[in-house]
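Fold and geometry: a report
Residues per chain, in single letters:
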Amino acid sequence: MIDSKFLLLIPLLPLIGSIISGLYSLLNSEKTNYKINENLVSFISCATPIISFLISLMFFLSLNNLEEKLITYNFYNWISSGYLNVDFELMLDPLSSMMTIVITFIGSLIHIYSISYMHNDRGFARYFSYLNLFTFSMLILVLAKNLPLMFLGWEGVGLCSYLLIGFWFQDKEKAIAGNKAFITNRIGDLGFLIGIFLIFWQIGTLDFIDINQKVSEMNLEIITLITLLLFVGAMGKSAQIPLHVWLPDAMAGPTPVSALIHAATMVTAGIYMIVRLNVLYSLSPFTLSIVASIGLFTAFFAATVAITQDDIKKVLAYSTVSQLGYMFLGVGIGAYTAGTFHLFTHAFFKALLFLGSGSVIHAMSNEQNIWKMGGLFSKMKITAITFCIGTLAISGIPPFAGFFSKDEILWKVFESGNILFYIIALFTSFLTAFYMSRLFFVVFFGNLRIKDENIISHIHESPIFMIIPLIILAVFSTIVGFLGIPHSSLFESWLSPIIVKQNEIQHYQNSMEIVLMFISVLIAILGISSAYYFYVVKNNIVENLYNNPKLKPIYKMSYNKWYFDEVYRDIIIKPLYFISNNILFVIDKYLIDGFVNGISKLYSAMSYAFRDIQSGIVRHYAYFMIFGMFIIFLISIF
Amino acid sequence: MISTQDYLIVSAILFFIGVLGVLTRKNLFIIFMSIELMLNSVNLTFVTFSRFFEDLTGQAIVFLVIAVAAAEAAIGLSIVILIFKNKESLNIDDFNIMKG
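Here is what the cut-offs are and how they apply
Residues numbered from 1 in each chain as written. Chains lettered and ligands numbered in written order. Predicted model: local features only at pLDDT ≥ 70, side-chain atom pairs only at ≥ 80, totals over all residues. Heavy atoms only, no water. Helix = DSSP H or I, 4+ residues; strand = E, 2+ residues; numbered from the N terminus. Rg over C-alpha atoms; globule rule 2.2 N^0.38 Å. Buried < 20%, exposed > 50% of the residue type's maximum accessible area, 1.4 Å probe, protein only. Areas by Shrake-Rupley, 256 points an atom, 1.4 Å probe, with all protein chains shown as cover. Lys, Arg positive; Asp, Glu negative; His and termini not counted. Charge placed at Lys NZ, Arg CZ, Asp CG, Glu CD. Contact = heavy atoms within 4.5 Å. Buried area = accessible area lost by both parts, 1.4 Å probe. Salt bridge = Lys/Arg side-chain N within 4 Å of Asp/Glu carboxyl O. Polar contact = N/O pair within 3.5 Å; in protein donor to acceptor, adjacent residues only side chain to side chain. Nonpolar A, V, L, I, M, F, W, Y, C, P; charged D, E, K, R; others polar. Axes fitted to C-alpha atoms, helices over the stretch in contact; angles between N-to-C directions. Parallel < 35°, antiparallel > 145°, perpendicular 65-115°, else oblique. Left-handed = near helix turned anticlockwise from the far one by under 90°. Pairing = 2+ DSSP bridges. Expected span 1.5 Å × (residues − 1). Domains from an automatic or database assignment. pLDDT = per-residue confidence, 0-100.

Let's talk about the overall build of chain A
Along chain A, the regular secondary structure elements total 26 helices and 2 strands. Since a compact globule built from 638 residues should have a radius of gyration of about 26 Å, the 29 Å found for chain A is in line with a globular shape. The C-alpha extent of chain A, read off along each of the three principal axes, is 105 × 65 × 55 Å. Looking at chain A as a whole, 54% of its 638 residues are labelled buried. Total accessible area on chain A is roughly 27,900 Å²; 68% of this is exposed by carbon and sulfur atoms. In chain A, which carries 37 positive and 37 negative side-chain charges, the distance between the mean positions of the two groups comes to 9 Å.

Here's what the structure looks like:
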C-alpha cells in the first residue's frame, strides 16, 4: 500500500522539472550566449514524468486492491469565502488512474523523443520547461476532486498549448496559430466557467462526489443548461465543430508537441470532463443527443477534410478531430466506457502516428508536403513499419487497438437504434481507413518526388531516442485493444464503479454483433484497398479529380476545410476589426481616453492653483495650523 | 482665594501669548521659547483641573509633558545650532527651501 498523500507527487514532479528547466533556460538569452547543457535538461525533464509514471502505476496497483476504488487526499483549504469552500484535494478513481497512466506513459515517451527532435534548438530548455508544465497541468486536471481545481488544470493546458504552438514565435504565422488556439479555447472556457457557476448556484458544492449525490436537487432544465454550457467548454478543448479550427493550426508547434496535444493531453480533457460528470449528463437526454450529433458531424466533416490535405501533419490533425468526434458520439449515446476506451487506444496510436510523422519530417529536413515525399519505406524501415501499425490501428483492422474501441462505439450506436447515425459513422470509418492509407502510401510508397539533392542525401533513419518510443508505442497500439474485448472487457469492469448504470435498451443477438464486426472490418479493408488502388496503382487521382468539372467543387471544398476559416474570417473577425477600427476606436480615443486624460489634466491644473500655498515659510504653515485648529474648535463648540 | 477660573484665564492668556509669538516673531529662539510657553500653559490647565477634580492623573500627565518638552528642547536646540552653522542666520524666513 502506498500512502495516499504521495498522490501529490504525480503532478508535483513535472512541475519541479518545469521550474528547474525554466529557470535554467533564463541563462540562455540573446545577450549572454550561454550554451545550454542539453544532457542535464533532458535528464531532469525526462526523469520527472517517468517517476510520475512509476508512482501512477503503484497507485494503480493499490487502487486495484481497494474495495471502494477511491483514494482521496485533502492537502489544504484552497479557497474559503462565505459559502464557497474549495479544497486542494486530489482524487484517484479508476478513471483518473487510467488517465494518469496514459498521460505519464505517453508523456514520458514524447519527452524522450523530444531529446533528439529538439537537439540543437535554441530554446531547448524552454521547450522542456513548457512540456513538463503541460504534463503537470493535465495531471492536475485529471486528478482534481472539484471543478475549480480541474479548471486550474484546464486553463493550464490551454496556456501551455499556446506557449508550445507558438514555440517558434519569431515566425509570425506560428505565433498567430498560438493565438488562435488560445482565443478559441477561451470561448469554450467561458461556457465551462458559467457551467461551474450554475452548478454552485444550484447545489452549493463543486466537489465531484457531492455533485453526484446532489444532482437530484436540480430540475431538468437547469441540468440541460449546465451540461450544454460545460459541453461548450469541451468543444473548445476537444476541438469539436464549431470550435475545432485551432487544432489543425496547432501543428505549427514542434511535432512532439502535436503528439502530446493530440494524444495524451489537452484534447482528451473534454471527453474526460463529460465522463467524469456522467451522472449529470445521463440526466439530460437532450444534451446527450446534442453531444452525439456534434460528435458525429465533426467525425464526418474532419474525415472528408483529411482526404485532400497535402500536409502530413494536417492529415493527422484532422484525423484527431475526427476520432474525437467518434469519442463524443460514443459518450453522447451513453456509452461512456466505449468513448473512454477509444480515448485510451487513440492516445497510443495517435502518439505513434505523430511521432512517426515527426521522424519523417526530421528525415526530410522539415519538409511537410506529402507530395514531395514518397518511397521512404526502404530508407527508414522502422519508422515505416511503426507508422503502418498506427495506420492499421486507426483504420480499425483487427487485432490492432483501434478496431476494438471503434467497433465498440459503432456497435453501441447500432444498439441505440439510430441507424442513420450508424451508417454515417460507418462511412466515416471508411473515410478514415482511406485517408490514413492514402497518407501511408503516398509517403512511403512510389518514388521520391523531391528533387533537392541536399535533402535526398540527408534522408536517414532517425536516431535511437526517436526510434525507441516509436517501437514501444507500436507494441502498445497492437496489444492494448485486448483490454476491451467485447463481453469480457477488463476495461469496462475497471471503469464500472464510476459509470452510471444504463438501462439496456435493445437486445440484439450476439450473432448480430459479430456480423457488424465483419462489416466494419470489411469497410476498413475496402478503404485501404481503394486508397491503394487510387494512390499506388493509378496514382494520378488528384489531377483527375481536379480536371473533372463535377468533382472539382467538392474537391476544393474538402481541400479548403469546408471554408470554416474563411467564414469565420468574414462573419466574425472582419466585422470585429471593422467595429474596433471605426466605432470603438472613436469611443476609445475620445470618450475613454478623454476621461482618463481629463482626470490627469484636472489634477495638474489643481496643483498649479494650489502650489502657492507651499510658500516654504514656516510661519505660514503655523497660520494654517492655527486657523484649522480654530475651525475644529468652533465645530466642537457648536 | 484664587478661584479655578482665574488659573484657567491665566493659562489661556499664556497660551495665546505663545501662539502670537510663534506667528509673529522671526527669530528661531523666540519661536522656540513661545512653544515652551504654550506647553507650560497647558501644564497649568492640567494641574488646575487635577486639583479641581481631585484626581492625580492630570499631574502625572504634566510630568510626562515636562519630560517630553525636555527631550524636544534638546533635539530642537541642536537643530537650531545646525541650521545656524549652515545658514549663519536665525531668521526663519530665510529657510524657505520647501517652497513649492
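Details of the interface of chain B and chain A
Opposite the 13 residues of chain B that make contact, chain A presents 11 residues. Summing both sides of the interface, chain B and chain A together bury roughly 1,000 Å²; the carbon and sulfur share of this comes to 62%. Taken together, the links from chain B to chain A amount to 0 salt bridges. Counting every contact that joins chain B to chain A gives 0 residue pairs in polar contact (both at pLDDT 80 or more). Residues belonging to the side of chain B that touches chain A are distributed by class as follows: 6 nonpolar, 3 polar and 4 charged.

A closer look at the packing of helix 15 (residues 336–363) of chain A against helix 17 (residues 401–415) of chain A
Packed helices, taken two at a time, are described by the angle their axes make and the gap between the axes. Residue and element names in this part refer to chain A. In contact at an axis separation of 9 Å, helix 15 and helix 17 are set at 155° when each is read in the N-to-C sense. Classed by the angle they form, the pair helix 15 and helix 17 counts as roughly antiparallel. Our pair here, helix 15 against helix 17, has a crossing hand that is left-handed. Here Ala338, Gly339, Phe341, His342, Thr345 and Phe349 of helix 15 come into contact with helix 17, specifically with Ala401, Gly402, Phe404, Ser405, Lys406, Glu408, Ile409 and Lys412. A per-class count over the contact of helix 15 with helix 17 returns 6 nonpolar, 5 polar and 3 charged.

A look at the pairing of strand 2 (residues 84–92) of chain A
All names here are of chain A. Of all 9 residues in strand 2, 7 are buried, a share of seventy percent or more. In the sheet, strand 1 (residues 71–81) pairs with strand 2 via 9 bridges, with the strands oriented antiparallel. Within strand 2, the residue paired with isoleucine 71 across the bridge is leucine 92. Linkage of strand 1 to strand 2, two consecutive antiparallel strands, is achieved through a turn of 2 residues, within which glycine 82 is found at a positive phi near 60°.

Looking at helix 1 (residues 4–24) of chain B
The terminal C-alpha atoms of helix 1 of chain B lie 30 Å apart, and with 21 residues this matches the ideal 30 Å at 1.5 Å per residue to within 8%. Of all the positions in helix 1 of chain B, only Ser11, Gly18, Val19, Gly21, Val22 and Leu23 of chain B are classed as buried. Looking at the packing, one finds that the buried side of helix 1 of chain B touches helix 26 (618–637) of chain A together with helix 2 (28–53) of chain B.

A look at the environment of valine 10 of chain B
Residue and element names in this part refer to chain B. Topologically, valine 10 is positioned in helix 1. Overall, the relative accessible area of 41% leaves valine 10 in the partly exposed class. As for valine 10 and isoleucine 75, which are separated by 65 residues in sequence, their C-alpha atoms are 29 Å apart.

Quick word on the packing of helix 11 (residues 268–276) of chain A against helix 15 of chain A
Residues and elements named next belong to chain A. Taken N-terminus to C-terminus, the directions of helix 11 and helix 15 make an angle of 155°; their axes are 10 Å apart at the nearest point. Judged by the inter-axis angle, helix 11 sits roughly antiparallel to helix 15. In the crossing of helix 11 with helix 15, the sense of the turn from one axis to the other is left-handed. Between helix 11, through Thr268, Ile271, Tyr272, Ile274 and Val275, and helix 15, the contact on the second element is made entirely by Tyr336, Thr340 and Leu343. Considering only residue class, the contact of helix 11 with helix 15 consists of 6 nonpolar, 2 polar and no charged.

Some remarks on the domain arrangement of chain A
Parsing chain A into structural domains produces domain 1 (284–549) and domain 2 (563–637). For domain 1 of chain A versus domain 2 of chain A, the separation of C-alpha centres amounts to 60 Å.

Here's the deal with the pattern of salt bridges
Side chains that differ in sign of charge can pair as their charged atoms come close. All names here are of chain A. According to the stated counting rule, one finds 11 salt bridges over all chains in the structure shown. Arginine 276 is paired through a salt bridge with aspartate 93; the nearest N and O atoms lie 2.6 Å apart. In this pair, arginine 276 sits in helix 11 while aspartate 93 sits in the loop between strand 2 and helix 3 (94–117), placing the two residues 183 residues apart along the sequence. Comparing arginine 276 with aspartate 93, the two get one shared label, buried. One salt bridge in this structure joins arginine 569 and aspartate 570, with 3.6 Å as the shortest N-O distance. When salt bridges that share partners are traced, they join Glu155, Arg186, Asp189 and Lys237 into one network.

Examining the confidence of the model for chain B
Of all residues in chain B, 98% attain a pLDDT of 70 or more, and the chain-wide mean is 89. With a pTM of 0.79, the predicted complex shows an ipTM of 0.79.

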